[in-house]
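Here is what each chain is made of, one letter per residue.
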Amino acid sequence: MYTILVVDDTLFNRKLMLEVLETKIDNARYLQAEDGIEAIEIVKTNEVDLVILDLMMPNKNGYEVLKELKNNSLYSDIPIIVNSSVTDMDSIKQTLEMGAVDYFTKPLTPEQMEVIIPLKVNNTLKYHEQNRQLKMVSRNINNEMKMAGAFQKALMSMYEDKLYPGLDLYVYFKACEHLSGDFFELVETGGNRWFIIADIKGHGAAAAMMSFMVRKMFNNIIRQESQPKDVLEKINKAYHELKIDTELVFFSAFIGKINGNELTYSNAGHPHPALLSLDINKGRRLDCNGHFIGFMDDTTYTEETVVLEDEDCILLHTDGLYQGKQTPSVNLNRALANMIYSYSKNPSVKDLTCTVYGEYIMPDEELQDDITIVALKYKNK
């Protein structure tokens, strides 16, 4: 049942309005207020679905009531129809700009009262009900997205407490929305330690679903193939075979395999990682290029192998790091030099990710893209 509040300082006007509405509007109950102060109190103590508001009233006029309700988040969604003898266009414009959904002037002829008022009220109630349902759906979706985002964040942060003999690992992950297209995975199988960092285009639900699918592909394929370049080729082929009935999304990925003290890696359009060392002269980028996954179904990839020394650190990140406000002023070669120097002085994987983040992103900056930074340190002792 709808609750309609009629606000007018003249009793006759209120009775006339109620007589018309009670015969034309089904499933409604009616409340009355003779001034703005009483109207505000009624709204605070009742679930009001519609206010029909006079402008010229003692104590608190209709303009003040309209402003107070629209400035309060608890009541701002209540639709308000202004009913006034004020006919100048400035007043009509002002009330509509303040948030009134409709305006009609009085006095109305009996014929107009019978047709115009019920029509406006019915239309407004329908709009209010639809708006309320949409907000409920939106709220439910938002809650589900938050839950999914929390689950995804937990997956990314699970490496913080997990110990890998011979490895130190820290993953810094920050999504610009609830769900992210970034992911990192580290898997031990067949005496090897495989890892992948990938960045699916976008940062919503579709990108997150795609990231879970690619994660599954990676876990399956590394048990069939022995080289990173072959794994990338298999992921690319499997992705094309999905035949998704929409425009395919390209995405980047970097895959590495650590066997003993050897790192073999291959790159599919991902930002080049860095190899950092306690010896400042040995730090460098891991240059290896290849097309994005999804670009062509028969793409081939290359791979490189490096020998890791004790305390060498593989630093990986997604391209969201380059979307920060400080990025235009960051020289990539100087940034790499800073990372190499910082790590040689403080070989902490957690501190390293924070240093890298601060190089590009300002404190409290609103992110434009998801960011994942991974520091993976090799230890042979």
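Everything numeric in this text was worked out from a predicted model, so none of it was measured. Here, residues in each chain are numbered from 1, in the same order as that chain's written sequence. In keeping with the model being predicted, local features are shown solely for residues with a pLDDT of at least 70 and side-chain atom pairs are shown and tallied solely at 80 or more, while totals for entire chains, interfaces and linings include all residues. Side-chain figures throughout are based on the complete set of non-hydrogen atoms in the structure, without hydrogens or water.

> Can you tell me about the overall build of the protein, naming the residues and giving the values?
Each helix and strand in the protein was counted, giving nine helices and 15 strands. By principal-axis analysis of the C-alpha atoms, the protein measures approximately 95 × 45 × 35 Å. Throughout, a contact is declared for two residues whenever any of their heavy atoms are within 4.5 Å. Residue pairs at least 24 apart in sequence account for 70% of intrachain contacts in the protein once pairs closer than 6 positions are excluded. Neither His nor the chain ends is counted toward charge; the positive residues are Lys and Arg and the negative residues Asp and Glu. A charged residue contributes its charge at one atom only: NZ of Lys, CZ of Arg, CG of Asp or CD of Glu. For the protein, the distance from the average position of its 39 positive side-chain charges to the average position of its 56 negative side-chain charges is 4 Å. Note on conventions: DSSP H or I runs of at least 4 residues are helices, E runs of at least 2 residues are strands, and numbering of each starts at the N terminus.

> Explain the packing of helix H8 (residues 332–345) against helix H9 (residues 349–360) residue by residue, including any values.
Here an axis means a line fitted to C-alpha atoms, over the contact stretch when the element is a helix, while the angle between two N-to-C directions is reported on a 0 to 180 degree scale. Following both chains from N to C, one finds H8 and H9 inclined at 155°, their axes separated by 10 Å at the closest point. When the axes of H8 and H9 are compared, the pair comes out roughly antiparallel. Crossing of H8 against H9: the hand is right-handed. Contacts between H8 and H9 pair Leu-332, Ala-335, Asn-338, Met-339, Ser-342 and Tyr-343 from the former with Leu-352, Thr-355, Val-356, Glu-359 and Tyr-360 from the latter. Under the scheme applied, nonpolar residues are Ala, Val, Leu, Ile, Met, Phe, Trp, Tyr, Cys and Pro; charged residues are Asp, Glu, Lys and Arg; polar residues are all the others, including Gly. Grouping the amino acids of the contact of H8 with H9 by side-chain chemistry returns seven nonpolar, three polar and one charged. Convention used here: angles under 35 degrees read as roughly parallel, angles over 145 as roughly antiparallel, angles from 65 to 115 as roughly perpendicular, and any remaining angle as oblique. Two helices cross in a left-handed way if the nearer one is turned anticlockwise from the farther one by less than a right angle. They cross in a right-handed way if the turn is clockwise.

> Account for the sheet that holds strand S4 (residues 80–84), with residues named and values stated.
DSSP calls a pair of strands paired once it identifies at least 2 bridges connecting them. If you walk across this open sheet you meet the five strands as S2-S1-S3-S4-S5, and the pairing is parallel. Single-partner strands in this sheet number two, and they are strand S2 (28–33) and strand S5 (102–105). Ignoring which end each strand starts from, the neighbouring axes of this sheet average 20° apart. As judged from the three bridges shared by strand S3 (residues 50–53) and S4, these two strands associate in the parallel manner. Looking at S4, one finds that Val-51 is bridged to Ile-80. Helix-sheet contacts for helix H1 (residues 11–24) involve strand S1 (2–7), S2, S3, S4 and S5, and the interaxial angle to S2 is about 175°.

> Please give an account of the nonpolar core that cites residues and values.
Only buried residues count toward a nonpolar core, which is a set of Ala, Val, Leu, Ile, Met, Phe, Trp, Tyr and Cys residues joined through side-chain atoms within 4.5 Å. Relative accessibility decides the category of a residue: with a 1.4 Å probe and only protein chains considered, values under 20% of the type maximum give buried, values over 50% give exposed, and everything between is partly exposed. One finds Leu-5, Val-7, Val-43, Val-51, Leu-53 and Leu-69 to be the most contacted residues of the largest nonpolar core, which totals 25 residues. Secondary-structure elements contributing two or more residues to this core are S1, S2, helix H2 (36–45), S3, helix H3 (62–70) and S4. Contact partners of Val-51, with chain neighbours within four places excluded, come to Leu-5, Val-7, Val-43, Ile-78, Pro-79, Ile-80 and Ile-81.

> So what about the pairing of strand S14 (residues 313–317)? Which residues, and what values?
Here S14 lies mainly inside the structure; five of its five residues are buried. Alternating positions in S14 separate into two faces, Cys-313, Leu-315 and His-317 on one and Ile-314 and Leu-316 on the other, with burial throughout. In this sheet, S14 lies alongside strand S11 (residues 274–276) in antiparallel orientation, the contact comprising three bridges. Bridge pairing in S14 places Ala-274 opposite Leu-315. Taken together, the five bridges between S14 and strand S15 (residues 371–378) define a ladder with antiparallel strand orientation. From the neighbouring strand, Cys-313 faces S15, where its bridge partner is Lys-377.

> Give a description of the sheet that holds S14 that names residues and reports values.
Taking strand neighbours across the sheet as the criterion, the five strands line up as S6-S15-S14-S11-S12 in an open arrangement whose pairing is antiparallel. With one partner strand each, in any of the chains shown, strand S6 (167–174) and strand S12 (284–285) form the two edges of the open sheet.

> Explain the packing of aromatic side chains residue by residue, including any values.
Aromatic contacts are taken between Phe, Tyr and Trp rings whose centres are within 6.5 Å, Trp giving its six-membered ring; a plane angle under 30 degrees counts as stacked, one over 60 as edge-to-face, and the others as tilted. Applying the stated rule across the entire model yields six aromatic pairs. Ring centres 5.6 Å apart and planes at 70° place the aromatic pair Phe-250 and Phe-295 in the edge-to-face group. Residue Phe-250 is found in the loop between helix H7 (228–241) and strand S9 (251–259), and its partner Phe-295 is found in the loop between S12 and strand S13 (304–307); the two are separated by 45 residues along the sequence. The exposure class of Phe-250 is partly exposed, given its relative accessible area of 38%. Relative to Tyr-265, the ring of Phe-254 has its centre 5.6 Å away and its plane inclined at 25°; by these criteria the two rings are stacked. With Phe-254 in strand S9 and Tyr-265 in strand S10 (residues 262–268), this pair connects stretches of sequence that are 11 residues apart. Of the two residues, Phe-254 and Tyr-265, neither departs from the other in class, the shared state being buried. Taken together, the ring pairs in this structure connect Phe-195, Phe-254 and Tyr-265 into an aromatic cluster.

> Describe in detail the domain arrangement of the protein, supporting the description with residues and values.
Segmentation of the chain into domains, including their bounds, is taken from an automatic or database domain assignment. For the protein, the domain assignment lists domain 1 (2–137) and domain 2 (158–378). Between the C-alpha centres of domain 1 and domain 2 the distance comes to 58 Å.

> Describe helix H4 (residues 89–98), naming the residues involved and giving the relevant values.
What H4 keeps buried is the set Ser-91, Ile-92 and Thr-95. All buried residues of H4 project into a common sector of 100° when viewed along the axis, lining one side. For H4, the exposed residues set more than 90 degrees away from the buried face come down to Met-89, Asp-90, Lys-93 and Glu-97. Among the structural elements, H3, S4 and S5 are those in contact with the buried residues of H4. Gly-99 lies just past H4 and shows a positive phi near 125°. Relevant arc is that of directions from the helix axis to the C-beta atoms, nothing else.

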